Amino acid sequence: MDWAQTIASVLKKENISIIAYVPDVNIHQVTKLLDEDPFFQLISASREEEAIGIASGAYAVGRKSAVFMQSSGFGNSINAIASLNIPSRIPIPLFINLRGEHGEFNIAQVTMGRSTRPILDVLGLPHYTLENDHELEKKVAGAIKLCYSSHEPLAICFTPLLHGGKNA
Amino acid sequence: MLRYSATKLIMKQITDQPVVSNLGPTSDELWHASKRDRNFYTYGSMGLCSSIALGMAVSIDQKVIALEGDGSTLMNLGSLGTVGRIMPDNLIIVVWDNEKWAQTGYQASHTAYGTDLESVALATGFKKTSTVSNEEDLDLIFAQALEEPGPWYIVAKIQEQKYLPVAPVEPEATMHRFRSTFVDEEKRIG
C-alpha cells in the first residue's frame, strides 16, 4: 500500500465515514480513493472553517468524521477550532498538507505553512508530521485513537517528503 | 416580529428534531424558550451554525433545524453553495434577519442595504425558500418545512428586543447532553 492507501484504510478501520475537505493536489491522492469507496461520504466545502463545522455536526449526532485541508486553509479554520472544537471537546482528526516545505515554489505559501505547527502548539493541540512510509499505519491509527480518547482535535501533517509535493 | 416569540412558535412545532442555534441571543432565547437535550447551542465559531446543521443532516434521516442570523450567514455565504451541491432534503435553515450586527452595537448589516438572502439561497439551488415578516406566516411555512422535503431556507425578518439573560449552559455539557441522545454512551464510539 502507498501512503494514500494506508490512510484510507486506517480511516475505514476506525469507522470514520464523513470526510469534509477543501481540495488540494496532494490531498487529492487520498480523497480520490475515499470517493471511490461507498463507505465514505465526502463533503466538499467552500472554505476550511465550514469543513470544521460540518465535521463537528456529524460527530454531534454520533458519526465519526475527519477534515482534510492545506496549511493555508488551516489558517482559515483557526477560530472554528478554537471556539467550537476545543471548548465543546469535539474530536476531529485534521489532515493538513503542509505547503512551504521542501521544494515549495510559491513564496505566498511559505509563512502559513511554516506557522501551522507552531499555531497548533499555541492552541495546545497535538500534531504528528508524516515524512515517510515508515510505520505509517501505526502512526495514523495511534493518532486517531488519541484524538478520540482525549476528546480534542489533533493534526496529522503531510509533507512533500511523504507524497512528492506540488510542482510549479 | 420578535425573535424570542418567533422562537417559541417554532419550538411548539418541534418534537425530537435537533436544533442548532447561532451564538448569542439566538442561543440564549432558544434555551429560555425550550430547555431540551436536542438543542445544540453555539458559543463562538460565528458563521458555522448552518454548517454544523448540515453535518448533522448528512448523517441522520431526521429533519435538522438551524437558527441562523443575517450577520453570521454573511460570514459564511459559501456554505449555501455547499448545501446546494449536496441538497440534503432534511435541512431547514431559519435566518433571524434583523438587518444588523446587533450584539456589537446595532451596526447595519448588508441585508439592510439590499442583500437578499432568500435570493442567494435560491441561486445556490435550495428547493424551498420563503421570506416572512409576521408570526402567522412563519408558523405556516415552518409547519410545511417540517412536512415537505427541502432543503428549506426561511428568512424571518425580525426586530431586536431587550436581551434575555445569558443561558447558563456550557459548551462541553451541551455537546455531551446533545450527543448522548444519539449515541449510547455505553457503546460510545472512540
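Residues numbered from 1 in each chain as written. Chains lettered and ligands numbered in written order. Predicted model: local features only at pLDDT ≥ 70, side-chain atom pairs only at ≥ 80, totals over all residues.

Q: Help me out: how do you make sense of the sheet that holds strand β6 (residues 154-158) of chain A in this one?
A: Strand pairing in a sheet is mediated by backbone hydrogen bonds. Such pairs are either parallel or antiparallel. Residues and elements named next belong to chain A. Overall, parallel pairing links the six strands, which are arranged β2-β1-β3-β4-β6-β5 in an open sheet. Single-partner strands in this sheet number two, and they are β2 (41-44) and β5 (127-130). Within the sheet, the average angular offset between the axes of one strand and its neighbour, ignoring direction, is 20°. Bridging between strand β3 (residues 64-70) and strand β4 (residues 93-97) involves four bridges; their strand directions are parallel. Looking across to β4, one finds that Val 67 is bridged to Leu 94. Of the strands in this sheet, β4, β5 and β6 are in contact with helix α5 (residues 110-123), which crosses β6 at around 165°. (Pairing = 2+ DSSP bridges. Helix = DSSP H or I, 4+ residues; strand = E, 2+ residues; numbered from the N terminus. Axes fitted to C-alpha atoms, helices over the stretch in contact; angles between N-to-C directions. Contact = placed C-beta atoms within 7 Å.)

Q: Sorry if this is basic, but what is going on with the confidence of the model for chain B here?
A: It should be kept in mind that the predicted coordinates are not to be read in detail where pLDDT is low. The predicted model of chain B has a mean per-residue pLDDT of 95, with 97% of residues at 70 or higher. Under the prediction, the complex receives an ipTM of 0.97, its pTM being 0.97. (pLDDT = per-residue confidence, 0-100.)

Q: Can you help me understand the sheet that holds strand β4 (residues 91-97) of chain B in this one?
A: All names here are of chain B. One open sheet holds the six strands; their spatial order is β2-β1-β3-β4-β8-β7, and the pairing between them is parallel. The sheet terminates laterally at β2 (39-41) and β7 (128-132), the two strands that pair on one side only. For this sheet the average axis-to-axis angle between neighbouring strands, irrespective of direction, equals 15°. For β7 and strand β8 (residues 152-157), the ladder comprises five bridges, and the chain directions are parallel. Across the sheet, residue Thr 131 finds its bridge partner in β8, namely Val 155. Along the sheet face, helix α2 (residues 25-33) touches β1 (19-21), β2, β3 (64-69) and β4 and points at about 150° away from the line of β2.

Q: How do you make sense of unusual backbone geometry when you look at a structure like this?
A: Trans is the common state for peptide bonds, and a negative phi is the common state for residues other than glycine. Geometrically, the link from B:Gly150 to B:Pro151 is a cis peptide bond, its omega value of 5° lying close to zero. Relative to the assigned elements, B:Pro151 resides in the loop between α7 (135-147) and β8. Located in the positive-phi region is A:Glu135, a residue other than glycine, with phi close to 50°. Tracing the backbone shows A:Glu135 in the loop between β5 and α6 (136-150). For B:Met87, which is not glycine, the phi torsion reads 55° and is therefore positive.

Q: Just checking my understanding: could you explain the environment of B:Tyr153 for this structure?
A: When you line up the elements, B:Tyr153 lands in strand β8. With residues near it in sequence (within four places) discarded, B:Tyr153 still touches B:Ile93, B:Glu118, B:Ala121, B:Phe126 and B:Thr129.

Q: I keep staring at the nonpolar core and nothing clicks. Help me out?
A: Nonpolar side chains in soluble globular proteins generally cluster together in the buried interior. All names here are of chain A. Ranked by size, the top nonpolar core spans 93 residues in total, and within it Ala 55 and Val 67 carry the most contacts. Looking at this core element by element, the count peaks at seven residues for helix α3 (residues 48-60). Residue contacts for Val 67: discarding those within four places in its chain leaves Ala 20, Tyr 21, Ala 51, Ile 52, Ala 55, Ile 92, Leu 94 and Phe 95. (Core = buried A, V, L, I, M, F, W, Y, C linked by C-beta atoms within 7 Å. Buried ≥ 20, exposed ≤ 12 C-beta atoms within 10 Å, placed from the backbone.)

Q: Is there a simple way to think about the interface of chain A and chain B in this case?
A: Contact residues are listed per partner, giving 31 residues for chain A and 32 residues for chain B. Every element with two or more residues in the side of chain A that touches chain B is listed here: β2, α3 and α4 (71-88) of chain A. Broken down by element, the side of chain A that touches chain B gets its largest block of residues, nine residues, from α3(A). Of the residues that constitute the side of chain A that touches chain B, the class distribution is 14 nonpolar, 11 polar and six charged. (Nonpolar A, V, L, I, M, F, W, Y, C, P; charged D, E, K, R; others polar.)

Q: I'm lost on the environment of B:Ala121 in this one. Help?
A: All names here are of chain B. One can find Ala 121 in helix α6 (residues 117-124). On a C-alpha basis, the gap between Ala 121 and Ile 154 in space is 9.4 Å, while along the polypeptide they are 33 residues apart. The contacts of Ala 121, once residues within four sequence positions are left out, are Leu 80, Phe 126, Thr 129 and Tyr 153.

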